[in-house]
Amino acid sequence: QVQLVESGGGLVQAGGSLRLSCVASGTLFSSDVMGWYRQAPGKQRELVADITSGGTTNYADSVKGRFTISRDNFKGTVWLQMSSLKPEDTAVYYCNIYQASLSGMDNWGKGTLVTVSS
């Protein structure tokens, strides 16, 4: 079982920046994919970005060029640097670890709220 603890959410004005952090503890594998998802009120949870241990990244079209995901494999930590934030980025952001070595187990954090004011 993996435990994920997010931090870094908050209130920011449009055009501003925030950095989210997520620390993982428990049994981790080199094949784990770490990522960030978000869920806005009344909407489904969606992928924001994810990253492999080798550094391959994947971004939602809506955040390309504005958000950057990174990770430290030794520390079991993943970050999401968010810049040029827009009101439509307002959501609860969830950290995720997908573990292919455990038959595709998904692990989730409790989420951190990001609110972007116009």
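Rules and cut-offs
Residues numbered from 1 in each chain as written. Predicted model: local features only at pLDDT ≥ 70, side-chain atom pairs only at ≥ 80, totals over all residues. Heavy atoms only, no water. Helix = DSSP H or I, 4+ residues; strand = E, 2+ residues; numbered from the N terminus. Rg over C-alpha atoms; globule rule 2.2 N^0.38 Å. Buried < 20%, exposed > 50% of the residue type's maximum accessible area, 1.4 Å probe, protein only. Pairing = 2+ DSSP bridges. Axes fitted to C-alpha atoms, helices over the stretch in contact; angles between N-to-C directions. Polar contact = N/O pair within 3.5 Å; in protein donor to acceptor, adjacent residues only side chain to side chain. Contact = heavy atoms within 4.5 Å. Phe/Tyr/Trp six-rings, centres within 6.5 Å; stacked < 30°, edge-to-face > 60°. Salt bridge = Lys/Arg side-chain N within 4 Å of Asp/Glu carboxyl O.

(A) Layout of the overall build of the protein. Counting its regular elements, the protein contains zero helices and eleven strands. Listed by position from the N terminus, the elements making up the protein come as β-β-β-β-β-β-β-β-β-β-β. Its C-alpha atoms give the protein a radius of gyration of 14 Å, near enough to 13 Å, the size a compact globule of 118 residues would have. Dimensions of the protein along its principal axes, counting C-alpha atoms only, are 40 × 25 × 20 Å. Taken over 118 residues, the protein has a buried fraction of 41%.

(B) Fine view of the pairing of strand β10 (residues 105–108). Both strand β9 (residues 91–99) and β10 contribute to a ladder of four bridges, which runs antiparallel. Bridge assignment links Y98 to a residue of β10, and that residue is D106. Taking the residues between adjacent antiparallel strands as the criterion, β9 and β10 are bridged by five residues, where S103 takes a positive phi near 60°.

(C) Representation of the sheet that holds strand β7 (residues 67–72) within the structure. Strand order in the open sheet formed by four strands is β1-β3-β8-β7, and the pairing between neighbours is antiparallel. What marks the edges here is a single partner per strand, and that holds for β1 (2–7) and β7. Neighbour-to-neighbour, the strand axes of the sheet open up by a mean angle of 15°, direction not taken into account. With six bridges joining them, strand β3 (residues 18–26) and strand β8 (residues 77–82) adopt antiparallel strand pairing. The residue of β8 that forms the bridge with C22 is V78.

(D) Looking closely at the environment of T56. Residue position: T56 is located in the loop between β5 (46–51) and β6 (57–59). The sequence separation of T56 and K43 amounts to 13 residues, and the corresponding C-alpha distance is 27 Å.

(E) Spatial organisation of the side chain of R38. Among the structural elements, R38 can be located in strand β4 (residues 33–39). Residue R38 is classed as buried on the basis of its relative accessible area of 6%. Here S62 takes part through its side chain, which lies 3.3 Å from a polar atom of the side chain of R38. In this structure the side chain of R38 is engaged in a polar contact, spanning 3.0 Å, whose partner is the side chain of Y93. When neighbours within four sequence positions are excluded, R38 is seen to be in contact with Q44, R45, E46, V48, S62, V63, F67, E88, D89, A91, V92 and Y93.

(F) Quick peek at the packing of aromatic side chains. Throughout the structure, instances matching the rule amount to two aromatic pairs. When the centroid spacing of 4.9 Å and the interplanar angle of 70° are considered together, the rings of Y37 and W108 count as edge-to-face. Remark: W108 occurs in strand β10 and Y37 occurs in strand β4; sequence separation between them is 71 residues. The exposure class assigned to W108 is partly exposed, which follows from its relative accessible area of 33%.

(G) Representation of the pattern of salt bridges. Taken as a whole and assessed by the stated rule, the structure comprises four salt bridges. In this structure, the salt-bridge partner of R38 is D89, at a minimum N-O distance of 2.9 Å. Of the two residues, R38 sits in strand β4 while D89 sits in the loop between β8 and β9, which places them 51 residues apart along the sequence. By relative accessible area, which is 1% here, D89 ends up buried. With a closest N to O distance of 2.8 Å, D89 and R66 form a salt bridge.

That is the geometry; function is a separate question.
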